[in-house]
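Notes for the structure review
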Amino acid sequence: MSDANLLEATVRTEFGKGAARRTRRDGNVPAVLYGHNTEPQHLAVNARDFAAILREHGTNAVLNLNIAGEKHLALTKSVVVHPIRRYIEHADLLVIRRGERVVADVHVNLVGEAASGTLVTSDVTVISIEADVMNLPESIDVSIEGVEAGTQINAGDITLPEGVTLAGDPESLIVNIIAAPASAQETEEAAEAAAAGEAAAE
């Protein structure tokens, strides 16, 4: 097994809020590992190493857990971050096996600029997909380059990478391109005119 995303984990024997606080004070994140009909394991993982993996690979990171010398593959299922202090409070980890397909939520990135005089609205920032656990995309790009007002992009309209299928509702509205309100359009035109004026002055 590759040692990519290797994360040392120790089994927690104390539980409750006080124990969780002590775990965090020691530089670790309280985590629970479950799945594949195994008994849930209460773990502590190194906070700095875990945060670095999430920064590099996103919240669907596949982890190589080393628990008392035993290697386990796990998927980061959920991460709870403190709303103000931004440290990781808790994580749920899912036992996985190579070759299995899993359902996960991935972020949608809007790429490009819609047509002039439009306003881009997006209520949904993630879509639910199914893919091989070792090939989960970190995010899905959706091009809105030159898209005209009146265009709606649903989850089912998005082109997914090979081997990835949509797990959520195909009718779910992801992006709505509407005509910009007059005031917004005037502001945009004024900004463009000002930029053109500055360019001419230079």
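Definitions and cut-offs
Residues numbered from 1 in each chain as written. Predicted model: local features only at pLDDT ≥ 70, side-chain atom pairs only at ≥ 80, totals over all residues. Heavy atoms only, no water. Buried < 20%, exposed > 50% of the residue type's maximum accessible area, 1.4 Å probe, protein only. Helix = DSSP H or I, 4+ residues; strand = E, 2+ residues; numbered from the N terminus. Arc of directions from axis to C-beta. Contact = heavy atoms within 4.5 Å. Polar contact = N/O pair within 3.5 Å; in protein donor to acceptor, adjacent residues only side chain to side chain.

As for helix 1 (residues 17-25)
When helix 1 is considered as a whole, its buried residues turn out to be A19, A20 and T23. Relative to the axis of helix 1, the buried residues are bounded by an arc of 100 degrees and lie together on one face. When the buried face of helix 1 is taken as reference, the exposed residues oriented beyond 90 degrees from it are K17, R21 and R25. Considering only its buried residues, helix 1 is in contact with strand 2 (28-35) and strand 3 (38-46). At the exit of helix 1 stands G27, carrying a positive phi of roughly 85 degrees.

Considering helix 2 (residues 47-57)
All of the buried residues along helix 2 are F50, I53 and L54. Seen from one end, helix 2 has its buried residues packed into an arc of 95 degrees, which puts them on one side. Turned more than 90 degrees away from the buried face of helix 2, the exposed residues are R48, R55 and E56. The N-cap of helix 2, judged by a side-chain oxygen 3.1 Å from the amide nitrogen of R48 a few residues on, is N46.

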